[in-house]
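# Structural characterization, general
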Amino acid sequence: MDHGEVFECPVCLDDIPASAALRLPCLHRLCSTCFGCLEVSKCPLDRLPFCKGPDGSLAFFSSQTGASCFTAEEIARVWQILGLTPKSRVVVIDPRRLYRAGVSCLAYTLSMHTTLLSLNLSTYPLGDSGAAAISASLSNVTTLEELILHGCQIGEAGAGALAKLIKASRSLQILILGMNGSGNAIGDAGATSIASALATNPKLLSLSLWKNRIGPSGATCLASRVASRDCLLQKLYIGENPIGREALRCLTDAAAVHGRLRLYGVDYVSDPGEPAVKV
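To start, this report covers the structure provided alongside it.

### Comments concerning the overall build of the chain
- Looking only at helices and strands, one finds nine helices and 15 strands in the chain.
- For the chain, buried positions account for 45% of its 279 residues.
- The long-range fraction of contacts in the chain, counting pairs at least 24 apart against all pairs at least 6 apart in sequence, stands at 71%.
- Of the roughly 13200 Å² of accessible surface on the chain, 52% is carried by carbon and sulfur atoms.

### Notes on unusual backbone geometry
- Even without being glycine, Lys 211 reaches a positive phi, approximately 55°.
- Structurally, the position occupied by Lys 211 is in the loop between strand 11 (206-208) and helix 8 (216-226).
- Residue Lys 211 is classed as partly exposed on the basis of its relative accessible area, which comes to 37%.
- The phi angle at Glu 240 is positive, at roughly 60°, despite the residue not being glycine.
- Within the secondary structure, Glu 240 sits in the loop between strand 12 (235-237) and helix 9 (244-258).

### Some words on the nonpolar core
- Leu 119, Leu 121, Ile 134, Leu 138, Leu 147, Leu 149 and Leu 251 are the most contacted members of the largest nonpolar core, which has 63 residues in total.
- Counting residues per element, the ones that place at least two in this core are helix 2 (72-82), helix 3 (95-101), helix 4 (103-111), helix 5 (127-138), helix 6 (156-168), helix 7 (187-198), helix 8 and helix 9.
- The contacts of Leu 119, once residues within four sequence positions are left out, are Val 91, Ile 93, Leu 110, Ile 134, Leu 138, Leu 144, Glu 146, Leu 147 and Ile 148.

### Examining the pattern of salt bridges
- A full pass over the atoms with the stated rule returns two salt bridges.
- Glu 240 is the partner of Lys 211 in a salt bridge, and the nearest nitrogen-oxygen pair spans 3.9 Å. Residue Lys 211 is located in the loop between strand 11 and helix 8, and its partner Glu 240 is located in the loop between strand 12 and helix 9; the two are separated by 29 residues in the primary sequence.
- Judged by relative accessible area, Glu 240 falls into the partly exposed class, the value being 40%.
- Linking Arg 249 and Glu 246 is a salt bridge whose minimum nitrogen-to-oxygen distance equals 2.5 Å. Of the two residues, Arg 249 and Glu 246 both sit in helix 9, three residues apart, roughly one turn of that helix.
- For Arg 249, a relative accessible area of 43% corresponds to the partly exposed category.

Criteria and cut-off values
- Residues numbered from 1 in each chain as written.
- Predicted model: local features only at pLDDT ≥ 70, side-chain atom pairs only at ≥ 80, totals over all residues.
- Heavy atoms only, no water.
- Helix = DSSP H or I, 4+ residues; strand = E, 2+ residues; numbered from the N terminus.
- Buried < 20%, exposed > 50% of the residue type's maximum accessible area, 1.4 Å probe, protein only.
- Contact = heavy atoms within 4.5 Å.
- Areas by Shrake-Rupley, 256 points an atom, 1.4 Å probe, with all protein chains shown as cover.
- Core = buried A, V, L, I, M, F, W, Y, C linked by side-chain atoms within 4.5 Å.
- Salt bridge = Lys/Arg side-chain N within 4 Å of Asp/Glu carboxyl O.

See the structure below:
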């Protein structure tokens, strides 16, 4: 930023030196007077909520900020906050650090990553919008082999976004969407979206959908897809879903037809609305 520039505050429209503008976590800038009057819970420009991390810092949880808003300095700052470098190959993000950086910033920096092999965002509450932002940013990362999203509060819409990533990726081999804590609940619709993408991905070998509230219809759709010769999946974690015994039988038969597929977590199954029981 040129310290000689003049900045017009978008709230009060006063002109101040650009170097004196204060930047919010969403990358909007305000004058110090308007910043002092700011409600902590929201940005005055877009009215979208901020999230507070465990350390009390503000973070913007949205993918609406355009890529053009990020400067080289801001991107470098994101990597510094996350404790990473742009050439990190195995990335495990501490949720406390991600609260500080924000999902939109991480998504944009990931889109430029050229060496990423594994990304682990487990237990961070991405939600559907965050999953969509991350999926879009990774669609052109040709090196990504493993994506771990345990307990990221992803629902059926987020699963739909991840299905698009599965279809687009030619390197992704492991996708983990198992539930942890408040976890994920992609349901039948999400399982169906992911199942539809399996036949188009030539690399995916391991898929975990553990405890995602998947019922009989979602499991049956998975069974029909994994039985296809075009599906190369070798490991499917399906435990603690209320899929019912009939759908489990379909999955077992599909694994037998497939030949290379092994099912995990089938010792405990349940019918919809019933607790898991050992069979």
